[in-house]
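Examining the three-dimensional arrangement
If you want the building blocks of each chain, they are given just below.
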Amino acid sequence: MKVAVIDLGTNTFHLLIARVDRNSHEILLRERKAVKIGEKGINKGEITQAAWERALIALSEFKATIDEHQIDKVFATATSAIRNASNGQALAKEIHQQTGIEIEVISGMREAELIHHGASKALDFGSEKNLIMDIGGGSIEFIIADSDQAYWLRSFEVGGQRLVEKFHKSDPITSKEITDLDAFFEAELQPLAEACAEHRPTTLVGCSGTFDTLSDIYCEQTKTVRDPDTTEYPFGIEAFKDIFNDLINKTREERLAIPGMIEMRVDMIVVACILVDYIIEKFQLKNIRVSAYALKEGILYNVLDSLQKEINTSN
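Attention in this report is confined to the structure presented alongside it. (Residues numbered from 1 in each chain as written. Predicted model: local features only at pLDDT ≥ 70, side-chain atom pairs only at ≥ 80, totals over all residues. Heavy atoms only, no water.)

**Concerning the pairing of strand β1 (residues 2-8)**
By the criterion of burial, β1 is predominantly enclosed, with six of the seven residues buried. Where β1 lies against strand β2 (residues 13-20), seven bridges are found, and the strand directions are antiparallel. Looking at β2, one finds that A4 is bridged to I17. The pairing of β1 with strand β4 (residues 73-78) spans six bridges and is parallel. Across the sheet, the residue bridging to L8 is A78, located in β4. (Buried < 20%, exposed > 50% of the residue type's maximum accessible area, 1.4 Å probe, protein only. Helix = DSSP H or I, 4+ residues; strand = E, 2+ residues; numbered from the N terminus. Pairing = 2+ DSSP bridges.)

So, in structure tokens, the structure goes:
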């Protein structure tokens with residue numbers, strides 16, 4: 001069976017195509033588009049007309065790729081920007097009408113569960129507890145887990161695009177804006193603070209865009225060649241501190257010139273790194289690991305699990 005997984009994120013739309021059978025899978029294609037569906041509307045609870053049109057174009061292009069690969073099943077999920085927008089369901093309906101792709105708008109909790117499922121397939125968490133973190137454009141998911149189970153999951157609607165539009169007015173960002181961001185995190189992430197006080201995670205596990213780019217920058221700096229099939233990207237806490245201290249004082253143009261930086265991350269990466277720094281310092285985390293898998297891989301492994309159950313039942 002060939003399946004396509006589409007992740008309609010607030011900043012980036014992802015397409016993953018895989019061949020799956022009863023106990024294995026092969027990823028045939030990964031594609032991403034910087035749709036920025038939350039741009040200029042995320043904090044107003046709406047998808048702007050320009051973002052709406054970008055979304056339709058991206059899904060039409062994904063549909064052409066899906067048809068070309070003769071896909072058996074398509075699993076498409078939408079997250080924060082669409083689930084919180086007053087016109088989000090209308091966009092999902094129009095995508096279905098134009099492309100035939102049915103969009104499942106998932107809750108923040110479901111998003112966290114799928115991220116955990118994906119990351120747990122990428123990394124062995126070991127016996128110590130980890131704080132898994134996925135910084136999206138609309139929401140941020142946190143999961144506290146070890147290799148046995150997830151102890152706590154939560155989604156917060158404080159994603160990078162929201163933070164950029166609310167706080168990041170200067171270029172480079174000012175110390176006042178950083179102070180305001182830290183105060184915002186202190187207030188908004190109180191449930192996370194309580195969970196970390198209870199479970200005491202020691203390692204931060206980063207998933208998705210910001211962490212992927214930080215690893216790319218680190219690999220460029222150290223001339224590290226990353227295995228394309230790896231499930232854990234090279235990175236660490238000292239590497240983060242060095243890159244963060246450099247990034248924080250740069251203009252957009254200067255950030256874009258950093259080897260490993262890509263344009264779709266250049267605006268959000270400053271506020272995202274301020275959050276990562278806050279989390280490390282606040283909860284005294286000792287290490288950072290970067291998972292190559294997140295939401296879309298969580299969906300793919302759900303498909304594999306379901307397929308396995310069907311085969312076992314039929315046998």
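**What about the side chain of S80?**
Here S80 is to be found in helix α2 (residues 80-84). Here the side chain of S80 touches E157 through a polar contact of 2.4 Å, side chain to side chain. Residues contacting S80, with those up to four places away along its chain left out, are T10, E111, G138, S139, E157 and R162. (Polar contact = N/O pair within 3.5 Å; in protein donor to acceptor, adjacent residues only side chain to side chain. Contact = heavy atoms within 4.5 Å.)

**What about the sheet that holds strand β3 (residues 25-33)?**
Pairing between the strands of a sheet is mediated by backbone hydrogen bonds and can be parallel or antiparallel. Read across the sheet, five strands follow the order β3-β2-β1-β4-β5 without closing on themselves; strand pairing throughout is mixed. What marks the edges here is a single partner per strand, and that holds for β3 and β5 (103-105). With strand direction ignored, the average angle separating the axes of adjacent strands in the sheet is 20 degrees. Each of β1, β2, β3 and β4 touches helix α1 (residues 49-68); the most contacted strand, β2, lies at about 15 degrees to it. (Axes fitted to C-alpha atoms, helices over the stretch in contact; angles between N-to-C directions.)

**Some points on the nonpolar core**
Counting residues in each nonpolar core, the largest one holds 81 residues, and the members touching the most others are L131, M133, F142, L189, L192, L204 and I279. Ranked by residues supplied to this core, first place goes to helix α12 (residues 269-283) with 12 residues. Grouped together as the second largest cluster of nonpolar side chains are 30 residues, L15, A58, L91 and A92 included. (Core = buried A, V, L, I, M, F, W, Y, C linked by side-chain atoms within 4.5 Å.)

**Quick word on the sheet that holds strand β8 (residues 150-156)**
As summarised here, the arrangement of the six strands in space is β8-β7-β6-β9-β11-β10, forming an open sheet in which the pairing is mixed. The sheet is open, and its two borders are formed by β8 and β10 (232-233), each paired with just one other strand. Across five bridges, the pairing between strand β6 (residues 130-135) and strand β9 (residues 203-207) is parallel. Paired with I132 across the two strands is V205, which belongs to β9. Sheet strands in contact with helix α4 (residues 108-122) are β6, β7 (140-145), β8, β9 and β11 (287-291), and its direction is about 55 degrees off that of β7.

**A short note on the packing of helix α5 (residues 160-167) against helix α6 (residues 175-188)**
One can describe the packing of α5 onto α6 by two numbers: an axis separation of 11 Å at closest approach and a directional angle of 130 degrees. Between α5 and α6, the angle falls in the class oblique. Here α5 runs over α6; the crossing is right-handed. Across the interface between the two elements, L163, K166 and F167 of α5 pack against E177, D180, L181, F184 and F185 of α6. Here the residues of the contact of α5 with α6 are counted per class, giving five nonpolar, no polar and three charged. (Parallel < 35°, antiparallel > 145°, perpendicular 65-115°, else oblique. Left-handed = near helix turned anticlockwise from the far one by under 90°. Nonpolar A, V, L, I, M, F, W, Y, C, P; charged D, E, K, R; others polar.)

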